[in-house]
Amino acid sequence: MKKISTLAFCLFAMPAAWAGSEDTYAEFKAMMDRSFKTTGIAAKHRMYQLDFQKACSQDKQPAKAEMARIEAEQLKTIRYPADGKYFGNWKEGEKIAVSGRGLTWTDKTPHDNGGGCYNCHQMSHHEVSYGTIGPSLLEYGKLRGNADDVVRYTWGKIYNAKAFNACSNMPRNGDAEILTEQQIKDLMAFLFDPASPVNKK
């Protein structure tokens, strides 16, 4: 866990000025190359910012046109269910939503990660505490219904939120292979199923 904590600090506490300086960023990347290696499923490439992440790490948010360009590119990454079925088991989805584990070097597989949704969203009438960085998801399906456009939007948002807000704080759960297609189906059921704690008091 110490490796992961140090890595997180280096990546997210780096001053914005560094992100804007090519020379300094090159030095930073070289230091990370020397200091870290792939261990288990914790691949070394996860340390490096992608172009759109770098753009969103500046002092100011990218210009509107640049945001639109990033979102259009990210929209292309979204893969909808191969079998056309969007919903799985809401009870499994609840487990994923309230779990923040996974993707560490000691994990044996990348396919049992949690979504960590509780960190940012209210999801149940029975929660004592919940995150507020993201919007409340309480009664998500009850309020929005399950029209095709709503279902496809929700899938896309979970899969890659950057397609809808280039600098969103939400992880690219599908695109970054944090969650599998089946896990996203289970989360979808958690959000939409009338029997789910999201929608039922």
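Residues numbered from 1 in each chain as written. Predicted model: local features only at pLDDT ≥ 70, side-chain atom pairs only at ≥ 80, totals over all residues. Heavy atoms only, no water.

Visitor: Summarise the state of the cysteines; cite the residues concerned and give the values.
Guide: Considering all chains together, one arrives at 1 disulfide under this definition. For cysteine 56, the disulfide goes to cysteine 167, at an S-S distance of 1.9 Å. Its S-S torsion of approximately -80° makes the covalent link between cysteine 56 and cysteine 167 left-handed. Linking cysteine 56 in the loop between helix H4 (51-55) and helix H5 (64-75) with cysteine 167 in the loop between helix H8 (148-159) and helix H9 (181-192), this pair joins segments that are 111 residues apart in sequence. Residue classification places cysteine 167 among the buried residues on the basis of a relative accessible area of 19%. (Disulfide = S-S within 2.5 Å. Helix = DSSP H or I, 4+ residues; strand = E, 2+ residues; numbered from the N terminus. Buried < 20%, exposed > 50% of the residue type's maximum accessible area, 1.4 Å probe, protein only.)

Visitor: Kindly report on the pattern of salt bridges, identifying the contributing residues and their values.
Guide: Throughout the structure, instances matching the rule amount to 8 salt bridges. Notably, a salt bridge pairs lysine 95 with glutamate 92, separated by 3.2 Å at the nearest N-O pair. With lysine 95 and glutamate 92 both in helix H6 (residues 90-97), this residue pair falls 3 residues apart, about one helical turn. With a relative accessible area of 34%, glutamate 92 lands in the partly exposed category. (Salt bridge = Lys/Arg side-chain N within 4 Å of Asp/Glu carboxyl O.)

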